[in-house]
Amino acid sequence: MHREQLELLKRIQALEFTATEFNLYLDTHPGDQRAFIDFSNTVRELEQQKELYTRNYGPLIVDDTARQPCWNWIDDPWPWEIEY
Amino acid sequence: MWIYEKKLQYPAKVSKPDLRMAKYLITQYGGPDGELSAALRYLNQRYSMPTNVTKAILTDIGTEEMAHLEIIATLVYKLTKGASAEEMERAGLGGHYADHDNALYYVDATGNPWTATYIQAKGDPVADLHEDMAAEEKARATYQWLIDLTDDPDLIDTLNFLRVREIVHFQRFGEALDLVQEYQNSKHIF
Ligand SMILES: [Fe+2]
């Protein structure tokens, strides 16, 4: 995996982790409107980065493949094969 | 339902193949305090939870545990990559090789297969959330013992990520428990 692709993947992992942290926090603090806004902003940025990734390197979820030129969902590397 | 995302939650790394650590680490795959136990425990306890907070937290932490299971699988995959039968045997994995070759299997560090007796669903939200909090502490301790067993900085980095997640999960389950007890007191259920 090329360096640029790997860096983008790591950025997505970091953003998604931030979203997960807000997700769990908000489950037990659903009234915290500031955290909700932070969650929403994180997810918006995450969606942009995922779209960029998908456009350049292929699908992250199977439905993304609908906007790919061919059935490249099966292409490697699979997650456990990636060398970070 | 669940949707698979073709990526890990965290960039799981090892510096070098290490069969000795693979043999220990597999316990977080199929051992009593491992990620399979965690995921199956939480996702199964959802159905007898009385409040939206508890239904949500068990769903979301249970789902995150599935992501952790994949990280552990990846670490074991990388630690055992390319190992020969002879190397497996020398690392005490001859029995594993006989039964599974290099395949992953849900066992603890001494080879015992995963069993549903590792987990419980009492149907009582207070009892179940206490079990979940204890499970998180046991998983945290297991990650600490695993970190103590290796000097591979990349492996330690990933194990430390997982260790800290257990601390966060413990915190969230504790908050959910408080809210459930408040709810029960307000409804006068004794
Ligand atoms: Fe956990």
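Attention in this report is confined to the structure presented alongside it. Sequence order sets the numbering: in each chain, residues are counted from 1 along the sequence as written. In the order they appear in the text, chains get letters beginning with A and ligands get numbers beginning with 1. Note on the predicted model: pLDDT of at least 70 is required for a residue's local features to be given, and 80 or more for side-chain atom pairs to be given and counted; whole-chain, interface and lining totals, by contrast, use all residues. Note that the side-chain values use all heavy atoms of the structure and ignore hydrogens as well as water.

1. What about the environment of E83 of chain A?
- Elements are defined by DSSP. Helices are runs of H or I of four residues or more, strands are runs of E of two residues or more, and each kind is numbered from the N terminus. As for its placement among the helices and strands, E83 of chain A is situated in the segment after α2 (33-57).
- Between the C-alpha atoms of E83 of chain A and N23 of chain A, which are 60 residues apart in sequence, the distance is 28 Å.
- The contacts of E83 of chain A, once residues within four sequence positions are left out, are L6 of chain A together with K78 and K81 of chain B. Should any heavy atoms of two residues lie within 4.5 Å, those residues are considered in contact.

2. Regarding the coordination of the iron ion
Residues and elements named next belong to chain B.
- Donor atoms (N, O, S) are those found within 2.8 Å of the metal centre, with the cutoff raised to 3.2 Å for Na, K and Ca; water is not part of the atom list, so apparent gaps in a site can occur. Here the iron ion is held by E65 (OE), E136 (OE), E136 (OE), E166 (OE) and H169 (ND1), and the distances to it run 2.1 to 2.6 Å.
- Along the chain, the residues that donate to the iron ion are spaced as E-x70-E-x29-E-x2-H. In this pair, E65 sits in helix α4 (residues 52-80) while E136 sits in helix α7 (residues 125-148), placing the two residues 71 residues apart along the sequence. Each member of the pair, E65 as well as E136, carries the same accessibility label: buried. The buried label goes to any residue with under 20% of its type's maximum accessible area, the exposed label to any with over 50%, and the partly exposed label to all in between, with areas taken from a 1.4 Å probe on protein chains only.

3. Quick notes on the nonpolar core
- Buried Ala, Val, Leu, Ile, Met, Phe, Trp, Tyr and Cys residues form a nonpolar core when they are joined through side-chain atoms within 4.5 Å. With 35 residues, the main nonpolar core has L25, I71, I72, L75, L79, L155 and L159 of chain B as its most contacted residues.
- Those elements that place two or more of their residues in this core are α1 (3-28) and α2 of chain A together with α1 (19-25), α4, α7 and α8 (153-186) of chain B.
- Ranked by the residues each element gives to this core, the list is headed by α4 of chain B, at 7 residues.
- Contact partners of I72 of chain B, with chain neighbours within four places excluded, come to L25, Q28, Y29, E35, Y143 and L162 of chain B.
- Ranked by size, the runner-up nonpolar core spans 16 residues in total, among them I57, I61, F173 and A176 of chain B.

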